[in-house]
Amino acid sequence: RPILLDEYLVMISCNLKNRDNLKGLDALVIGTSNIVGRPMARLLMLEKCTVTIANSATKNLKEKAFMSDIIVSATGVHNIVTADMVNKSATVIDVGINRIIKDGKSQLVGDVDFENVSKVAKFITPVPGGVGPMTIAYLLKNTLDDAIDTAKGEVLIQRAIEKGKYSEADDIALNLAKKLTNAG
């Protein structure tokens, strides 16, 4: 499972006090990208949520959102989620990022009308400052982990070559390449 998206689930489940509480919840994922939307929908399904996948052109988006326990928005459309779309027990995860001009100044905002939705939703992530710092932290962690794995693999390859075990060195290199490309 992608570690970063799994952390989004942790964020949701912490709000619900217990990961088992995700079972049976209605989740709406707005956004169908291969990076966030589709993997998030899949992870929520694995947690036994009933998942609806939507996009910026979805008909009756307001009604679908209002019926949801969990709303994850990752469309890059500013204010696609407004207060009238959210019920008082909803958990709203804003993964979108948009740059707007407000009062003559450039400002980063998410997909969700944070100011108004935060008055309604049980839990909401801000933009900036919500999932962004977590994304950066996990990107750095994954980079460091890959660097460590590469260094360990290079040491093992060198040892195998020194012992004349070229086949073993090839196997180590192949397994390392698979791991680093997530193909293995």
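Refer to the structure above for everything that follows.
Let me begin by describing the structure that accompanies this report. Residue numbers restart at each chain and count upward from 1, following the sequence in its written direction. This being a predicted model, a pLDDT of at least 70 is required before a residue's local features are given, and a value of 80 or more before pairs of side-chain atoms are given or counted; all residues contribute to the totals for chains, interfaces and linings. As a rule here, side-chain values cover all heavy atoms of the structure and leave hydrogens and water aside.

**Looking at the pattern of salt bridges**
- For salt bridges, the criterion is a side-chain nitrogen of Lys or Arg within 4 Å of an Asp or Glu carboxyl oxygen. Scanning all chains against the criterion turns up one salt bridge.
- The salt bridge partner of Asp84 is Lys62, with a shortest N-O separation of 3.2 Å. Placement of Asp84 in the loop between strand S3 (70-73) and strand S4 (91-94) and of Lys62 in helix H3 (residues 61-66) is noted, with a sequence separation of 22 residues between them.
- Here the term buried applies to any residue with accessible area under 20% of the maximum for its type, exposed to any over 50%, and partly exposed to those in between, with areas from a 1.4 Å probe on protein chains only. Take Lys62: its relative accessible area is 39%, and that puts it in the partly exposed class. Labels follow the DSSP assignment, with helices taken as runs of H or I lasting at least four residues and strands as runs of E lasting at least two, numbered in each case from the N terminus.

**A word on the sheet that holds S3**
- DSSP calls a pair of strands paired once it identifies at least 2 bridges connecting them. With respect to topology, five strands assemble into an open sheet ordered S2-S1-S3-S4-S7, the strand pairing being parallel. Both outer strands of the open sheet, strand S2 (50-54) and strand S7 (123-124), are each paired with one neighbouring strand and no more.
- As judged from the four bridges shared by strand S1 (residues 26-30) and S3, these two strands associate in the parallel manner. By the bridge assignment for S3, Ile30 is matched with Ser73.

**Here we look at the nonpolar core**
- We define a nonpolar core as any set of buried Ala, Val, Leu, Ile, Met, Phe, Trp, Tyr and Cys residues linked to one another through side-chain atoms lying within 4.5 Å. Grouped together as the largest cluster of nonpolar side chains are 16 residues, with contacts concentrated most on Ile30, Leu61, Ile71, Val81, Val86, Val92 and Val117.
- Among the elements of the structure, S1 and H3 are those that each provide at least two residues to this core.
- Whether two residues touch is decided by their heavy atoms; if any such pair falls within 4.5 Å, the residues are in contact. For Val92, the residues in contact, after removing those within four places along its chain, are Ile71, Val86, Val112, Val117, Ala121, Phe123, Ile124 and Thr125.
- Formed by 15 residues, the second largest nonpolar core is a distinct cluster that contains Val36, Met40, Ala74 and Val131.

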